[in-house]
Amino acid sequence: MLPVKFPAAIRCCAMGLRAVFLALAVVPACLAQITWLLSTKTKIDIYEYRKCPDQGTGEMDWNLRLHRVSRDLLVVEGNISLSEPLDENISGNIIVAEKGNGGWMERMFVFKLPNLCADIHLILGSGWTSFWEKAGVAPPVKCPIQKGNYTVTDYSTKEFEKNTIPRSRQGTFKVDLEFLRRSTQKRMGCISFVMNTKPQ
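Numbers given to residues run from 1 along each chain, matching the order in which its sequence is written. The model is predicted, so local features are restricted to residues of pLDDT at least 70 and side-chain atom pairs to those at 80 or more, both for listing and for counting; the totals for chains, interfaces and linings are taken over all residues. Hydrogens and water are ignored here; the side-chain numbers use all heavy atoms of the structure.

### A closer look at a nonpolar patch on the surface
- Exposure above 30% relative accessible area and the absence of a salt bridge qualify a residue for a patch, where like charges join within 9 Å and nonpolar side chains (Val, Leu, Ile, Met, Phe, Trp, Tyr) within 5 Å. We get accessible surface area from the Shrake-Rupley algorithm with a probe of 1.4 Å; when it comes to residues, only the shown protein chains can shield them. Only one rule defines a salt bridge in this text: a Lys or Arg side-chain nitrogen within 4 Å of an Asp or Glu carboxyl oxygen. On the surface, Met 105, Met 108, Phe 109 and Phe 111 cluster together into a nonpolar patch covering about 340 Å² of accessible area.
- Note on conventions: DSSP H or I runs of at least 4 residues are helices, E runs of at least 2 residues are strands, and numbering of each starts at the N terminus. As for its position among the elements, Phe 111 is in strand 5 (residues 103-113).
- In this scheme, a residue with accessible area under 20% of its type's maximum is buried, one over 50% is exposed, and one in between is partly exposed, where area comes from a 1.4 Å probe on protein chains only. Overall, Phe 111 belongs to the partly exposed group, its relative accessible area being 44%.

### Points about the nonpolar core
- Trp 62, Leu 86 and Trp 132 are the most contacted members of the largest nonpolar core, which has 36 residues in total.
- Any two residues whose heavy atoms approach within 4.5 Å at even a single point are treated as in contact. If near-sequence neighbours (up to four positions away) are discounted, Trp 132 is found in contact with Trp 62, Ile 80, Leu 82, Leu 86, Val 137, Val 141, Ile 145 and Tyr 150. To qualify as a nonpolar core, a set must consist of buried Ala, Val, Leu, Ile, Met, Phe, Trp, Tyr and Cys residues joined through side-chain atoms within 4.5 Å.

### Here we look at the pattern of salt bridges
- On inspection of all chains with the given rule, the structure shows six salt bridges.
- The salt bridge partner of Lys 51 is Asp 61, with a shortest N-O separation of 2.8 Å. Here the residue Lys 51 occupies a position in strand 1 (residues 41-51), and Asp 61 occupies one in strand 2 (residues 60-70), the gap between them amounting to 10 residues.
- The shortest N-O distance in the salt bridge between Arg 187 and Glu 178 comes to 2.8 Å. Side by side, Arg 187 and Glu 178 carry an identical accessibility label, which is buried.

### With respect to helix 2 (residues 116-124)
- Regarding helix 2, the residues found buried are Leu 116, Cys 117, Ile 120 and Leu 124. The buried residues of helix 2 occupy one face: seen down the axis, they fall within an arc of 95°.
- Positive backbone phi, at 60°, marks Gly 125, one or two positions downstream of helix 2. Here, the arc refers to the directions that run from the helix axis to the C-beta atoms.

### Some remarks on the sheet that holds strand 6 (residues 148-156)
- Pairing between two strands requires that DSSP report at least two bridges joining them. The antiparallel open sheet is built from three strands, whose spatial order is 2-3-6. Two strands lie at the open edges of the sheet, namely strand 2 and strand 6, each paired on one side alone. Sheet twist, expressed as the mean angle between neighbouring strand axes with direction ignored, is 10°.
- Looking at chain direction, strand 3 (residues 73-82) and strand 6 are connected through seven bridges and run antiparallel. What sits directly across from Ile 80, in strand 6, is Tyr 150.
- Angles shown run from 0 to 180 degrees and are taken between the N-to-C directions of axes, each axis being a line fitted to C-alpha atoms and, for helices, limited to the stretch in contact. Lying on the sheet, helix 3 (residues 126-134) is in contact with strand 2, strand 3 and strand 6; it crosses strand 6 at an angle near 115°.

### Quick look at the packing of aromatic side chains
- Under the pairing criterion, centres of Phe, Tyr and Trp rings, with the six-membered ring standing for Trp, must be within 6.5 Å; the plane angle then separates stacked pairs below 30 degrees from edge-to-face pairs above 60, leaving the rest tilted. By the definition in use, this model includes nine aromatic pairs.
- A centroid spacing of 5.4 Å and a plane angle of 90° characterise the contact between Phe 131 and Tyr 155, whose relative ring orientation is edge-to-face. Within this pair, whereas Phe 131 is found in helix 3, its partner Tyr 155 is found in strand 6, the two being separated by 24 residues in sequence. Accessibility classification places Phe 131 together with Tyr 155 in one group, the buried group.
- Geometrically, a charge over a ring is one whose NZ (Lys) or CZ (Arg) sits within 6 Å of the ring centre while staying within 35 degrees of the ring normal. Here Lys 174 stacks its cationic end above the ring of Trp 104, 5.7 Å away from the centre of that ring.

### Regarding the environment of Phe 111
- Distance in space between the C-alpha atoms of Phe 111 and Ile 95 is 6.6 Å, their sequence separation being 16 residues.
- Those residues in contact with Phe 111 that sit more than four places away from it in its chain are Gly 92, Asn 93, Ile 94 and Val 96.

### Quick look at the packing of helix 2 against helix 3
- The geometry of helix 2 relative to helix 3 is characterised by a closest axis approach of 5 Å and an angle of 115° between their N-to-C directions. Judged on the interaxial angle alone, helix 3 and helix 2 are roughly perpendicular. Along the contact surface, helix 2 presents Cys 117, Ile 120, His 121 and Leu 124, while helix 3 presents Ser 126, Gly 127, Trp 128 and Thr 129.
- Looking at the contact of helix 2 with helix 3 residue by residue, the classes come out as four nonpolar, four polar and no charged. Between 65 and 115 degrees an angle is taken as roughly perpendicular, under 35 as roughly parallel, over 145 as roughly antiparallel, and anywhere else as oblique. Residue polarity is assigned by list, with Asp, Glu, Lys and Arg as charged and Ala, Val, Leu, Ile, Met, Phe, Trp, Tyr, Cys and Pro as nonpolar; anything else, Gly included, falls into the polar class.

The following block contains the structure:
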């Protein structure tokens, strides 16, 4: 009887079985993680606004501050001066720093906004539209936001805090919103706020 050579076939079968066992072990774990991520939200708690040290050309001037009305109520007040429309010609960056034991860890994350107005509107949803309504823009609020001077009074931070994001790092973060001229990427202004994130 001629010998039958099985090693290659056996190796192939073993690899296939190993892949199946890995899939059976890993896929449920991955699905569990995905389910956990989607089912758990992160709440945003903003407690300070400040101007960025570098205002660039100052053509997008955001001079906002927080005023505490009561123990549970903070409102945004201040002025915004736009020398140009907030339209598709304005891009931006969201620059995130995280607070650690040694102070701020700068530029932990940078998110690019090719069309700042439309992108922020998408992120903040009703928080963005209600903010501009408080600033005097007639509803329905749409991009672009026309150039001019705007005054914001008694805008509750709870409007922004209604927004939740998928589960992310919990902690204290400083978020700089940088306004850039899209054609040159020169900074035209910057507003910064400090927030805590915690499970919803």
